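Residues per chain, in single letters:
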Amino acid sequence: MASRGIRDRVAIVGMGCTPFGERWDKGTNDLLTDATKDAIASADIPLGDIDAFWLGTMGSGVSGITLSKPLKLDYKPVSRNENFCATGSEAFRNACYAVASGAYDLVMAIGVEKLKDSGFSGLTGTRPVGDGTDAALTAPASFSFLAPAYCHKYGVSEAEMKDVLTRIAWKNHRNGAVNPRAQFRKEVSKETIASSPLIAGQLGVFDCSGVSDGSAAAIICRTEDAHRYTDNALYVKALSFVAGPGAGTIDPNYDYTTFEEVVRSAEDAYQQAGITDPRASLAMAEVHDCFTPTELVLMEDLGFAERGTAWKEVLAGTFDRDGELPVNPDGGLKSFGHPIGASGLRMLFECWLQLRGEAPPERQIATVTEGGRKLGLTHNLGGAPGECVSFVSVVGSEPSA
Amino acid sequence: MVGGAASSDEFLDRWRVPGEMDSHVWEERFGEDVYVPLAHAAFADALKAAGVSADALDHVIVTGLHARAVKAVKGGIGAKVGADRSQTIGNLGAADAGVALADVLEQATPGQLIAVLALADGADAMVLRTTATLAEVQAARRAAGVPTVEEQAGAGRSDLPYVRFLNWRGQLRPDPPRRPDPERPGAPTAHRVEAWKYGFSASRCLKCGFRHLPPTRVCLNCHAIDEMQPERLADVRGKVATFTVDRLAFSLSPPVVGVVVDFDGGGRYRCEMTDVDPDTVHIGQRVEMTFRRLWTAQGVHNYFWKAKPVEGSD
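Draft legend 1. Examining the nonpolar core more closely. Among the nonpolar cores identified, the biggest contains 159 residues, and A:Ala218 and A:Ile220 are the most heavily contacted of them. Top element by residues in this core is helix H13 (residues 340–355) of chain A. It accounts for 10 residues. Residues in contact with A:Ile220, not counting those within four places in the same chain, are A:Val10, A:Ala11, A:Ile12, A:Ala95, A:Cys96, A:Val99, A:Val107 and A:Ala109. One finds B:Ala97, B:Val116, B:Leu117 and B:Leu119 within the second-largest nonpolar core, a separate group that totals 34 residues.

Draft legend 2. Representation of the environment of A:Gly372 within the structure. Mapped onto the fold, A:Gly372 is located in the loop between helix H14 (366–369) and strand S10 (375–384). With 260 residues separating them along the chain, A:Gly372 and A:Val112 place their C-alpha atoms 33 Å apart.

Draft legend 3. Expanded view of the domain arrangement of chain A. All names here are of chain A. Annotation of chain A at the domain level lists domain 1 (10–117 + 213–228) and domain 2 (139–207 + 237–396). On a C-alpha basis, the centroid separation for the pair domain 1 and domain 2 is 24 Å. For the side of domain 1 that touches domain 2, the secondary structure elements donating two or more residues are strand S1 (10–17), helix H3 (87–100), strand S4 (106–113) and strand S7 (214–222). At 7 residues, the largest contribution of residues to the side of domain 1 that touches domain 2 is made by H3. Its residues assigned to classes, the side of domain 1 that touches domain 2 shows 17 nonpolar, 11 polar and 4 charged.

Draft legend 4. Broad picture of the domain arrangement of chain B. Per the domain assignment, the segments of chain B are domain 1 (3–153) and domain 2 (193–234). Distance between the C-alpha centres of domain 1 of chain B and domain 2 of chain B: 47 Å.

Draft legend 5. Looking closely at the environment of B:Leu65. Residues and elements named next belong to chain B. By the secondary structure assignment, Leu65 is in the loop between strand S4 (59–64) and helix H2 (67–76). Owing to 20 C-beta atoms within 10 Å, Leu65 belongs among the buried residues under this scheme. Spatially, the C-alpha atoms of Leu65 and Ala120 are 7.2 Å apart, while their sequence positions differ by 55 residues. With sequence-adjacent residues up to four places away left out, Leu65 is seen in contact with Arg14, Asn91, Gly93 and Ala120.

Draft legend 6. The interface of chain B and chain A, seen in detail. Tallying the contact residues gives 38 residues for chain B and 32 residues for chain A. Mapped onto the side of chain B that touches chain A, the elements with two or more residues apiece are helix H8 (187–192), helix H9 (194–199), strand S10 (238–246), strand S11 (256–263), strand S12 (268–273) and strand S14 (300–309) of chain B. Sorting elements by how many residues they give to the side of chain B that touches chain A places S10(B) first, with 5 residues. Tallied by class, residues from the side of chain B that touches chain A come to 21 nonpolar, 7 polar and 10 charged.

Rules used throughout
Position numbers for residues count from 1 along each chain, tracking the sequence in the order it is written. Chain A is the first chain written and ligand 1 is the first ligand written, with later ones labelled in order. Reporting of local features is limited, given that this is a predicted model, to residues whose pLDDT is at least 70; pairs of side-chain atoms are given and counted only at 80 or more, and all residues count toward the totals for whole chains, interfaces and linings. One nonpolar core equals one set of buried Ala, Val, Leu, Ile, Met, Phe, Trp, Tyr and Cys residues connected by C-beta atoms within 7 Å. With C-beta atoms placed from the backbone, a residue is buried if 20 or more other C-beta atoms are within 10 Å of its own, exposed if 12 or fewer are, and partly exposed between those counts. Per the convention used, a helix needs a DSSP run of H or I reaching at least four residues, while a strand needs a run of E reaching at least two, with both numbered from the N terminus. We call two residues in contact when the distance between their C-beta atoms, placed using the backbone, is within 7 Å. Where each domain begins and ends is defined by an automated method or by a domain database. Under the convention adopted here, Pro, Cys and the residues Ala, Val, Leu, Ile, Met, Phe, Trp and Tyr are nonpolar, Asp, Glu, Lys and Arg are charged, and Gly plus all remaining residues are polar.

Okay, structure coming up:
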């Protein structure tokens, strides 16, 4: 029994991504159509050539008909996937496996979410009938448990932590400011971030990701077929997914300074991709910065910083766009926005642009242009500390020799 | 009980239409004029039935919603009436006489005479004599940690803003958060987990001893299946492992304080904390569980357990 992976067996040959944001002008059908149109244009193929589809959406539609009807697909298979905030990554993962298995030649993974029509703040989910015993905490409250626990364990003061969290938000807003597809396209001063109204615990409005509408898509084929569509494909090195047993919510040994699910999925992904030193090997990482403390903890869980040191690395600018390892160069969930089902594919879209040299000059990352690094990582998480699902992928601009 | 009597008359004093929050009252001097003779008559008849005189009474309780009549009766009854708690806990309505009697019984000694006179559309009087078992009952209740009326009244808060009180009573409708309304719990869903929901019953693995909240069939620690025994944790205390203040979540009393509680003897659960100033919550704080209303949705009151600070601990 082992997780063997499908390293270099499939490639992404086309991608599309809509602008994210409060898209009062676009419905779910429009967003799906826009992302699909972009993706098939980038692969230069007609929609009819795609053999099968994987649609990721948490709550903007049910069943494959959510996609087949607006796209008027010609009696093709469409799977609808849901896995909390990692929904888009889950659609991508399953699409890759279908190609690797030989079942289909050319497939599309697409994610979409239309959140802003609800009129509510934050996320709303549809849950099965409950017994009325679940604590009614919101997502920011669940993730705000991380900050005081981290401070307590590593001797970081509350003021220092506020600086660290503020800098993460500041960095991601700065990255999003130069990204035309991002929801928030303005730099935000540290003073504004630090003094924003409190939502939960230490977290202010600016510590939370953008609630938005959007869609992103990827077209995938076997690596040996990639040349038919492009001479500049993106190769899938690793796909790892973990659903945790919910240990942290019931086990007193869990200390709220890590996501065991992330640690396990990262280990698996690095093993699949043959990576031993992620910080030195990766050109960039797109990680699940749903709330600023999440990004802090992820830097350690993904092996980018030693335990207890990520807060110093954040302050030192290690993960800035021009830092040693750029994290969320597209603005991340914080500034690009977080339409649940689309986010995992949006992360891949940034790898697609950066690793293949298509990102516009003003936001290209030096680890690719000067450092010559070829690998990117995406990390997508759903749930809450102690009880979550985690996805890690590694993609690269060259197949292994 | 060694004697009792009642007196009544047909008069309009206090009335409430079904569905109304509050009752209406007639001009109070009229009520006093009718109540006082009725109270005196019932009291005299009860003493006669008991065969005792007013000056033999050790404790006298006079209660009723008509404050003016109660005051007049207390002054003119010819017996020494003990102090009441109306200044701290108010008037408890139908429960007032019962609570006052419980209060007295917690302080009385065997062989004492107690009179209770309640004014409500007339007057009811009864005379009681405590027996030798009273001291035993008092000791047993103390040993079991049952708080006395005096202790419960003393633990009350005097800092509750009137606006919040009105909110809790449903007499003010604050602007709700921009969040979906809570869902009513499913009746079969709640019934299946009755021991957990109403008794806070966890499960402990018979193979390895790991304690699970809520109860599960499969052990997190050793993965044994269906090797669990139920374990009631409602009276088990714990400490705060970590906490947050949720300013977005729905609550009858925002903001929601969310805590992760690690229980004495094992087990962890994440829940709301209540009866606490959000600024004073801290890691390591001692808490105990209390059964509270979480929300009401579509007419269904949803009760479950919340943590609250242990009185007297840090």
